[in-house]
Amino acid sequence: MGNSLAISSGTPLTDREWPRWPQPGDRALKNLEDVLTSGRWTISCAYQGRQSYEQQFAELFAEYCNSTQCVPVATGTSALAIALEASGVGAQDEVVVPGLSWVASSSAVLGINAVPVLVDVDPSTYCLDPAAVEAAITDRTRAISVVHAYSAVADLHALLDIAERYSLPLIEDCAHAHGARYSNWPVGAFGTAGAFSMQGSKLLTCGEGGAVVTDDPEVAARAEHLRADGRVLRRDAVGVGEMELKETGQLMGSNACLSEFHAAVLLDQLDLLDEQNARRSRSAAHLTDRLTALGLTPQQTSVGTTERAYYRYAVRLPDEVLAIAPVARIAQALTAELGFAVMQTHQPLNDNPLNRPSTRRRFSLGPEYTGRVDPSRFELPVAKSVHESVVTFGHEVLLAPLEAIDDIATAFEKVLAHAGELAA
Ligand SMILES: Cc1ncc(COP(=O)(O)O)c(C=O)c1O
């Protein structure tokens, strides 16, 4: 490959326009206008004589996840915190979380005054390593929170077995995995509860939003209380102008309700999800063939996965290339060739500037607690090695036509051929 790298003032491999994200569907504007004039912008305002968008979404998303209950919430982080608390986790309890994840895996646990226990990941799926989970369990462990990361489904078979043997709730963090399936069953429906994020970059999005799904009516009732200041939706007939939320006094909560605007957009987006996921999977399969032929190792998923959802495409670079050039430089060079952001994975949570409980006074609950929540006490060699060898990019790129996907493979080929120019 003669042409020098775009990062060193060569010509970029392509100047094509890549698909952008998010993409509104046909129903979005109409739904939003409808909310605007409905007289009800959130479920915490009076009933206006018809089902809220929030409840329409709750019903459809529960069905989508083959779950009996769905409680929509304001963010993925609140979904995680509420799912954990509704499953019985509280102050000082330990929760096993993956060490390679967005900071929310840790902050949601800290937010309910519990203790995140950072556990290493599997080198091929980048999801929780079941053997490491089992080794981390103590008599203070109260839950396991697993992330189906990037484009993989975690080893649910092994994790459910551990959860059962130790009588621990398993919370599935499905922020990356809307529509993924394991044993032909949707993720989120295996554990005690599934927590979803609908933040702007996600496969199903409304800007900021989230949801908890569960089959356990008691977990659902607690989640409802926790997200609406201790109130739950009335199941009896409600008159126009009356509050649909009933004050029960059974469990104190705070406000993490999803607004009607957000629910209206989610209803639009949910219609599109399966077709978009299918296109992303087709592109990913094509790219995986091309990159494997070049000696790269795409992220694997657990045996038992029957449908992947590609939130981020992730691929490990060859050792001989990493011996010459650092992963961060390779990611920058690919970005310059392709015109979209290619990045490393999340930074491991034991060494991540966003995961510093000591910067926040609300976590100053005494020296013992401070020591327990200090992330630097954990060793995460696999997470570190994944961070130092894997590049990723966002799912919207996979919505491009197959000839554009070929450009991605060709850009990898070009950058690897010129790795010597990227030496540290
Ligand atoms: C794995 C994971 N869990 C939870 C979250 C938190 O979601 P939110 O940003 O909606 O609070 C994210 C956000 O990116 C995430 O990647």
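About the thresholds
- Residues numbered from 1 in each chain as written.
- Predicted model: local features only at pLDDT ≥ 70, side-chain atom pairs only at ≥ 80, totals over all residues.
- Heavy atoms only, no water.
- 1 Å grid on protein atoms, 1.4 Å probe; cavity = no way out; pocket = protein on both sides within 12 Å on 5 of 7 lines; lining within 4 Å.
- Points joined across faces, edges and corners; volume = space filled by probe spheres on them.
- Helix = DSSP H or I, 4+ residues; strand = E, 2+ residues; numbered from the N terminus.
- Nonpolar A, V, L, I, M, F, W, Y, C, P; charged D, E, K, R; others polar.
- Polar contact = N/O pair within 3.5 Å; in protein donor to acceptor, adjacent residues only side chain to side chain.
- Near = heavy atom within 4 Å.
- Areas by Shrake-Rupley, 256 points an atom, 1.4 Å probe, with all protein chains shown as cover.
- Domains from an automatic or database assignment.
- Buried area = accessible area lost by both parts, 1.4 Å probe.
- Salt bridge = Lys/Arg side-chain N within 4 Å of Asp/Glu carboxyl O.
- Axes fitted to C-alpha atoms, helices over the stretch in contact; angles between N-to-C directions.
- Parallel < 35°, antiparallel > 145°, perpendicular 65-115°, else oblique.
- Left-handed = near helix turned anticlockwise from the far one by under 90°.
- Contact = heavy atoms within 4.5 Å.
- Buried < 20%, exposed > 50% of the residue type's maximum accessible area, 1.4 Å probe, protein only.
- Pairing = 2+ DSSP bridges.
- Phe/Tyr/Trp six-rings, centres within 6.5 Å; stacked < 30°, edge-to-face > 60°.
- Expected span 1.5 Å × (residues − 1).
- Bend = angle between axes of the 7 residues up to and from the residue.

A closer look at the layout of surface pockets
Rolling a probe over the atoms, with the probe sized like a water molecule, indicates the empty space that remains.
Logical step 1: In this model, the largest pocket occupies a volume close to 720 Å³.
Logical step 2: What lines the largest pocket is a set of 40 residues, and nearest its centre among them are Trp-102, Ser-201, Lys-202, Tyr-311 and His-346.
Logical step 3: Looking at the lining of the largest pocket, the elements with two or more residues in it are helix H3 (76-86), helix H4 (104-110), strand E8 (193-197), strand E15 (343-344) and strand E16 (390-394).
Logical step 4: Each residue belonging to the lining of the largest pocket can be placed in one class, and the counts come to 16 nonpolar, 19 polar and 5 charged.

Side note on the side chain of Arg-372
Logical step 1: Turning to its location among the elements, Arg-372 is positioned in helix H11 (residues 367-372).
Logical step 2: A distance of 2.9 Å separates polar atoms of two side chains, one belonging to Arg-372 and the other to Gln-92.

A few points about the site of the ligand
Logical step 1: Around the ligand there are 14 residues in total, and Gly-76, Thr-77, Asp-173, Ser-197 and Lys-202 lie nearest to it.
Logical step 2: One nitrogen or oxygen atom from the main chain of Gly-76 is found 2.8 Å from an oxygen atom belonging to the ligand.
Logical step 3: Within the side chain of His-176, one N or O atom sits 2.8 Å away from an oxygen atom of the ligand.
Logical step 4: Its free accessible area being 390 Å², the ligand has 91% of it covered by the protein chains.
Logical step 5: Here the residues of the shell around the ligand sort into 4 nonpolar, 8 polar and 2 charged.

A few points about the domain arrangement of the chain
How big an interface is tends to be stated in terms of the accessible area lost upon association of its parts.
Logical step 1: Considered domain by domain, the chain is made up of domain 1 (6-22 + 273-346 + 383-422) and domain 2 (28-270).
Logical step 2: Each of domain 1 and domain 2 has a C-alpha centre, and these two points are 30 Å apart.
Logical step 3: Roughly 2800 Å² is buried in total at the junction of domain 1 and domain 2, and carbon and sulfur atoms are behind 55% of that figure.
Logical step 4: Counting the contacts that link domain 1 with domain 2 gives 0 salt bridges.
Logical step 5: Where domain 1 meets domain 2, there are 25 residue pairs in polar contact (both at pLDDT 80 or more).
Logical step 6: For the side of domain 1 that touches domain 2, the elements supplying multiple residues, two or more each, are helix H8 (260-293), strand E13 (305-307), strand E14 (312-316) and helix H12 (381-387).
Logical step 7: The biggest single contributor to the side of domain 1 that touches domain 2 is H8, with 5 residues.
Logical step 8: Residue classes in the side of domain 1 that touches domain 2 are distributed as 12 nonpolar, 13 polar and 6 charged.

A closer look at the packing of helix H2 (residues 53-64) against H8
Logical step 1: Running from N to C, H2 and H8 point in directions that differ by 30 degrees, and their axes come no closer than 8 Å. Relative to H8, the element H2 lies roughly parallel. The interaxial crossing formed by H2 with H8 has left-handed handedness. Seen from H2, the contacting residues are Tyr-53, Glu-54, Gln-56, Phe-57, Leu-60, Phe-61 and Tyr-64; seen from H8, they are Glu-260, Ala-263, Ala-264, Leu-266, Leu-267, Leu-270, Leu-273 and Asp-274.
Logical step 2: Among the residues making up the contact of H2 with H8, the classes are represented as 11 nonpolar, 1 polar and 3 charged.

Topic: the pairing of strand E9 (residues 210-214)
Logical step 1: In terms of burial, E9 is a largely internal element, 5 of the 5 residues being buried.
Logical step 2: On E9, burial covers both faces: Gly-210, Val-212 and Thr-214 on one face and Ala-211 and Val-213 on the other are all buried.
Logical step 3: Of the pairings in the sheet, the one linking strand E1 (residues 69-73) to E9 comprises 5 bridges and is antiparallel in character. Paired with Val-73 across the two strands is Gly-210, which belongs to E9.
Logical step 4: Two elements, E8 and E9, share 4 bridges in a ladder whose sense is antiparallel. Bridge pairing links Ser-197 to Gly-210 in E9.

Quick word on the sheet that holds E9
Logical step 1: In spatial order, the strands read E1-E9-E8-E5-E4-E2-E3; together these 7 strands make up an open sheet with mixed pairing. Two strands close off the open sheet at either side, each with one partner strand: E1 and strand E3 (115-119). Along the sheet, successive strands turn relative to each other by an average axial angle of 25 degrees, direction set aside.
Logical step 2: Strand direction decides the pairing type here: strand E4 (residues 141-147) and strand E5 (residues 170-173), joined by 4 bridges, are parallel. Within the sheet, the bridge partner assigned to Ser-145 lies in E5 and is Ile-171.
Logical step 3: Across the sheet, helix H6 (residues 156-165) touches E4 and E5, and the angle it forms with E5 is around 150 degrees.

Quick word on empty space enclosed by the protein
Logical step 1: Under the criterion given, the structure shown has 2 cavities of 30 Å³ or more.
Logical step 2: Lining the largest cavity we find Val-35, Ser-38, Arg-40, Gln-48, Arg-50, Gln-51, Ser-52, Tyr-53 and Glu-260.
Logical step 3: Counted by class, the lining of the largest cavity contains 2 nonpolar, 4 polar and 3 charged residues.
Logical step 4: Of the pockets and cavities examined, the second largest cavity occupies roughly 40 Å³.
Logical step 5: Tallied by class, residues from the lining of the second largest cavity come to 6 nonpolar, 2 polar and 1 charged.

Focus: the packing of aromatic side chains
Logical step 1: In total, this model carries 10 aromatic pairs according to the counting rule given.
Logical step 2: A ring pair is formed by Trp-18 and Phe-340, whose centres lie 4.8 Å apart and whose planes are at 80 degrees; its orientation type is edge-to-face. Here Trp-18, found in the segment before helix H1 (28-36), pairs with Phe-340, found in the loop between helix H10 (327-338) and E15; they are 322 residues apart in sequence, far enough to count as distant. Comparing Trp-18 with Phe-340 shows no difference in burial state: the two are buried.
Logical step 3: Pairing Tyr-182 with Phe-190 gives two aromatic rings, centres 5.6 Å apart and planes at 90 degrees, and the pair type is edge-to-face.
Logical step 4: Classification of Tyr-182 as buried rests on a relative accessible area of 6%.

What about H8?
Logical step 1: A rise of 1.5 Å per residue sets the reference length of H8, with its 34 residues, at 50 Å; its end C-alpha atoms lie 48 Å apart and thus fit the reference within 8%.
Logical step 2: In H8, a bend of some 40 degrees at Leu-273 exceeds every other bend along the element.
Logical step 3: For H8, the side-chain oxygen to backbone nitrogen distance between the N-cap and Phe-261 is 3.3 Å, and the N-cap itself is Ser-259.
Logical step 4: Once H8 finishes, Gly-295 follows within two positions and takes phi at roughly 95 degrees, a positive value.

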